[in-house]
Amino acid sequence: MLTIGFAHIKGTRHEARPGAVIDAHGPRGDREFCFVDVDTRQVLKTVQNPRLIQIATSLNRAGREGGEDGEEAGRLTMTLPDGRSVSGVPHGSGERLTCDYWKRPVGLELADGPHAQLASEWLDRAVRLGRVPRGAVVYGASLSIVTTASLRDLSDRMTDTRQGATDLTRQAARFRATVVLDTDEPYAEESWEGQVIDLGGLRVRIGSPIPRCAVMDLDPITGERNAPVLKTLAGFRPANSAGEPVFGVYAEVIGTPSRSDAGDGGPDTWRQVAEPPSQ
């Protein structure tokens, strides 16, 4: 495993989180918040609001990233490329809404704090920050995986469609995958479906290939649409029934390591985790 990455606020910059803790629901703190348009009851999505990508975030609870399920929100920091930044604990306002996320209803609580004002100024539209149940604004499974071999193959194919090369192994955040794995054979991960693998001390069951959209074309730092990733994929990759080409695979955690209570430095044992609720 090379990297673990995610965004604390849905649609904002996908960043490496080396200290992240992963449980049955995925990384703690992953897309724990989202911005919403209260008037239209819509969760903001990256593909429609590419300036979201320029917002960097961190979430700190008692000196650590992420947090336990159901834990009080920690200190959420947002930083813009122009240097402006806000930081504070987004306390629940008590105002609850049901919003639309890809035609799926999402119940959330609007949060008080300085984040919404800065985001509204940056996005040039009125938004509020909402805190959502874990996994509520995750499109597919709790984990998503891309591999270096597949990224290299796609990079090579893209050199035939544009001037200059795009090294997607250095821009893996375009795919907003939870995990980047180092592999030798392109698209071998698709043959793992249904298998259980060890992933950095977790037992993970590999799921189906991931259908892709135009968010991959956006630069993972600037949000600029600057690479024909979707067009290139569509030219050679299998697609789902909606015509969306696939890249990477979904996965779910089915077991986590648990050290013996004896405290004698013995080997880890496996703790089976309950199946996460379907979304």
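Participant: I'm lost on the overall build of the chain in this one. Help?
Facilitator: Along the backbone of the chain there are three helices and 19 strands. When the 279 residues of the chain are sorted by exposure, 49% land in the buried category. For the chain, the share of sequence-separated contacts (at least 6 apart) that also reach a separation of at least 24 residues comes to 62%. For the chain, the accessible surface area stands at approximately 13100 Å², while carbon and sulfur atoms represent 47% of it.

Participant: I'm lost on the pattern of salt bridges in this one. Help?
Facilitator: When charged atoms on two side chains of opposite charge get close, those side chains can pair. Enumeration according to the criterion identifies 15 salt bridges in this entry. The residue arginine 17 makes a salt bridge to glutamate 15 at a minimum N-O spacing of 3.4 Å. Its relative accessible area of 6% is what places arginine 17 among the buried residues. For arginine 28, the salt bridge is made with aspartate 23, and the minimal N-O distance between the two is 3.2 Å. Each member of the pair, arginine 28 together with aspartate 23, is buried. Here the residues in one salt-bridge network are Asp23, Arg28 and Arg134, joined through shared partners.

Participant: Help me understand the nonpolar core in this model?
Facilitator: Across soluble globular proteins, you tend to see nonpolar side chains buried next to one another. One finds Ile9, Phe33, Phe35, Ile55, Met78 and Leu129 to be the most contacted residues of the largest nonpolar core, which totals 19 residues. If you list the elements that add at least two residues to this core, you get strand S5 (33-37), strand S9 (75-79) and helix H1 (115-123). At four residues, the largest contribution of residues to this core is made by H1. Setting aside residues no more than four positions away along its own chain, leucine 129 makes contact with Ile9, Phe33, Cys34, Phe35, Leu76, Pro90, Glu109, Leu110, Ala111, His115 and Ala116. Phe6, Ile22, Leu181 and Val249 belong to the second-largest nonpolar core, a separate cluster that totals 17 residues.

Participant: Can you help me understand helix H2 (residues 148-158) in this one?
Facilitator: Residue pairs spaced three or four apart in an α-helix point in one direction, given the helix's 3.6 residues per turn. Burial analysis of H2 places eight of its eleven residues in the buried class, which makes it a mostly covered element. Among the residues of H2, those classed as buried are Thr148, Ala149, Ser150, Leu151, Asp153, Leu154, Ser155 and Met158.

Participant: Please clarify how the packing of aromatic side chains should be interpreted in this entry.
Facilitator: Both the distance between ring centres and the angle between the ring planes are used here to describe each pair of aromatic rings. Following the criterion strictly, the structure yields four aromatic pairs and no others. Taking the centre distance of 4.8 Å and the plane angle of 25° together, the rings of phenylalanine 175 and phenylalanine 247 count as stacked. Of this pair, phenylalanine 175 sits in the loop between H2 and strand S15 (179-181) while phenylalanine 247 sits in strand S18 (residues 246-259), placing them 72 residues apart in sequence. This pair shows no difference in class: phenylalanine 175 is buried, exactly as phenylalanine 247 is. Members of the aromatic cluster, each reached through a chain of ring pairs, are Phe175, Tyr187, Phe236 and Phe247. The positively charged end of lysine 45 is found above the aromatic ring belonging to tryptophan 102, 4.6 Å away from the centroid.

Participant: Would you mind showing me how to read H1 here?
Facilitator: Across the nine residues of H1, seven count as buried, placing the element largely inside the fold. All of the buried residues along H1 are His115, Ala116, Leu118, Ala119, Ser120, Trp122 and Leu123. Elements that come into contact with the buried residues of H1 comprise S5, S9, strand S10 (85-88) and strand S13 (128-131). Of the residues flanking the end of H1, it is aspartate 124, one or two places downstream, whose phi is positive at about 60°.

Participant: When you look at the pairing of strand S17 (residues 202-211) in this model, what are you seeing that I'm missing?
Facilitator: Note on strand geometry: in a regular strand, side chains alternate between the two faces of the sheet. Alignment of strand S16 (residues 196-199) against S17, held across four bridges, turns out to be antiparallel. Residue pairing in the sheet places isoleucine 197 in a bridge with valine 204 of S17. Where S16 folds back on S17, the antiparallel hairpin that results is connected by two residues, among which glycine 200 adopts a positive phi of roughly 60°.

Participant: Sorry if this is basic, but what is going on with the environment of arginine 152 here?
Facilitator: As for its placement among the helices and strands, arginine 152 is situated in helix H2. Note: C-alpha distance between arginine 152 and aspartate 167 (15 residues apart in sequence) is 7.2 Å. Contact partners of arginine 152, with chain neighbours within four places excluded, come to Thr169, Asp182, Thr183 and Asp184.

Participant: What exactly am I supposed to notice about the environment of serine 58 here?
Facilitator: Following the sequence through the fold, serine 58 ends up in strand S7 (residues 56-61). Here the alpha-carbon distance between serine 58 and alanine 7, two residues 51 residues apart in the chain, equals 8.4 Å.

Participant: Explanation requested: the side chain of glutamine 54 in the structure shown.
Facilitator: Along the chain, the position of glutamine 54 falls in the loop between strand S6 (42-43) and S7. Glutamine 54 sits in the buried class, given a relative accessible area of 16%. Within polar-contact distance, the side chain of glutamine 54 engages the backbone oxygen of threonine 222 at 3.1 Å. Not counting residues up to four positions away in its chain, the partners in contact with glutamine 54 are Arg13, Thr79, Leu80, Pro81, Trp122, Ile221 and Thr222.

Participant: When you look at the environment of histidine 25 in this model, what are you seeing that I'm missing?
Facilitator: Along the chain, histidine 25 falls in the loop between strand S3 (22-23) and strand S4 (26-27). Exposure remark for histidine 25: the relative accessible area of 30% places this residue in the partly exposed category. Separated by 118 residues in the primary sequence, histidine 25 and leucine 143 have C-alpha atoms spaced 8.4 Å apart.

Definitions and limits used
Residues numbered from 1 in each chain as written. Predicted model: local features only at pLDDT ≥ 70, side-chain atom pairs only at ≥ 80, totals over all residues. Heavy atoms only, no water. Helix = DSSP H or I, 4+ residues; strand = E, 2+ residues; numbered from the N terminus. Buried < 20%, exposed > 50% of the residue type's maximum accessible area, 1.4 Å probe, protein only. Contact = heavy atoms within 4.5 Å. Areas by Shrake-Rupley, 256 points an atom, 1.4 Å probe, with all protein chains shown as cover. Salt bridge = Lys/Arg side-chain N within 4 Å of Asp/Glu carboxyl O. Core = buried A, V, L, I, M, F, W, Y, C linked by side-chain atoms within 4.5 Å. Phe/Tyr/Trp six-rings, centres within 6.5 Å; stacked < 30°, edge-to-face > 60°. Lys NZ or Arg CZ within 6 Å of the ring centre and 35° of its normal. Pairing = 2+ DSSP bridges. Polar contact = N/O pair within 3.5 Å; in protein donor to acceptor, adjacent residues only side chain to side chain.

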